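Working through the structure, step by step
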Amino acid sequence: GEGCYLSQSFELTCNTSSYSATLTSFESKVYEIEQDHVVIEGQLVPFRYNKSSGQSRHTVIYSPFRGDYQFSFSHTGNKFVAIGCDIYSYIIDPITAHIVGGCPSFCRNSSISLLPPPSSCSGFNRCCQTTVPMELRMMLLSVHTMNTFQKSWESDLCSFLMIAHKDFSDFNKFNFSSCKGSDGVPTVLNWGIGNISCHEAVEKSSYVCGENSQCINSSTGVGYSCRCLQGFRVNPYLHDGCQGNLI
C-alpha cells in the first residue's frame, strides 16, 4: 500500500483471498522476492505457421515489465526455450539489432505431444533451450520456419517461445493445441534502484542502503542494489535493517 514501497515500480497489490501478490505497475503475479531479483509469471509467446507453405517469419517485442528500467531479465536465472517443429528461434537485442542467442528445434512430425525432460531438450524432439546470454530490459523474439522435407508443420498450428526460470521443467502443463499463449511461466527479473551507479548514489540523500550494508552496481550498468555485510542479515534497504553479527 501507500508508503510501503520506494517507487511505483516496486508497488505490490496483495489479494488476501487467494494469498497472492502482483507487481502493480505491470500486473504480473509474483512468486518470489529476493534482495536482488523477483520471480514473476511471464508468458508463452506464440507464433502461428502459414498453413499453405509452412513458412513463418515473425518478430515480436517481449518485455512483461514494459521496459521499466528498474528491471531486467536475469541471464543467470533464466533460460530461453523454443517449442515447435522445424524452426530456428532467436533473441535479438533491440538496441543493437544484434542476434545474441538462439536455438533450432526439429521433429519428424508434430505428433510428439509429450515433451521430453529438459536434460534432453536438445533440438531434435520439438524442443530446444539455451542460455539467456546477457541482461536485457526488453528483447526481440523471432522465429524462422525451416521448410524441411518432412513438412512436419502441416499438422502443427504454431510454435512457442519463452523466457523461463532455469529450473523450470513442467512443459507438459501447457496447452500447445491452441495458439493463445495464455499460460504463465516463471521468469526471473533482476531489479535495481534508480538509474545511477553506487559511486553516484552514495553522495545523494536518496541513497537507500542502510547501516552494515554494501552497495552493488546493477549488472545492466544502470541502478544499484543493497546487500547486508557478511555476518549481518534481514533487510539492507532499511536504515537499521541489517541485524545481528552472526560471526
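Before reading further, recall that the structure is shown in the block above.
Everything in this summary refers to the structure shown in the same document. As the structure is a prediction and not an experimental result, all values here were calculated from the model. (Residues numbered from 1 in each chain as written. Predicted model: local features only at pLDDT ≥ 70, side-chain atom pairs only at ≥ 80, totals over all residues. Heavy atoms only, no water.)

**What about the layout of surface pockets?**
Considered as a void within the structure, the largest pocket measures approximately 590 Å³ in volume. Lining of the largest pocket is provided by 21 residues; of these, Cys-4, Phe-10, Ile-33, Trp-191 and Tyr-237 occupy positions nearest its centre. For the lining of the largest pocket, the class distribution of residues is 16 nonpolar, three polar and two charged. Its boundaries defined by the atoms lining it, the second largest pocket holds a volume of some 330 Å³. Taken together, 28 residues make up the lining of the second largest pocket; nearest its centre are Asp-36, His-37, Asn-190, Trp-191 and Ser-219. Within the residue set of the lining of the second largest pocket, elements represented by two or more residues are strand S4 (37-43), strand S7 (71-73), strand S14 (184-191), strand S15 (213-217) and strand S16 (224-228). Residue classes in the lining of the second largest pocket are distributed as eight nonpolar, 15 polar and five charged. (1 Å grid on protein atoms, 1.4 Å probe; cavity = no way out; pocket = protein on both sides within 12 Å on 5 of 7 lines; lining within 4 Å. Points joined across faces, edges and corners; volume = space filled by probe spheres on them. Nonpolar A, V, L, I, M, F, W, Y, C, P; charged D, E, K, R; others polar. Helix = DSSP H or I, 4+ residues; strand = E, 2+ residues; numbered from the N terminus.)

**Brief notes about the pattern of salt bridges**
Under the defined criterion, the tally for this structure stands at one salt bridge. Note that Arg-227 and Asp-36 form a salt bridge whose closest N and O atoms lie 3.6 Å from each other. Linking Arg-227 in strand S16 with Asp-36 in the loop between strand S3 (28-33) and S4, this pair joins segments that are 191 residues apart in sequence. Overall, the relative accessible area of 37% leaves Arg-227 in the partly exposed class. (Salt bridge = Lys/Arg side-chain N within 4 Å of Asp/Glu carboxyl O. Buried < 20%, exposed > 50% of the residue type's maximum accessible area, 1.4 Å probe, protein only.)

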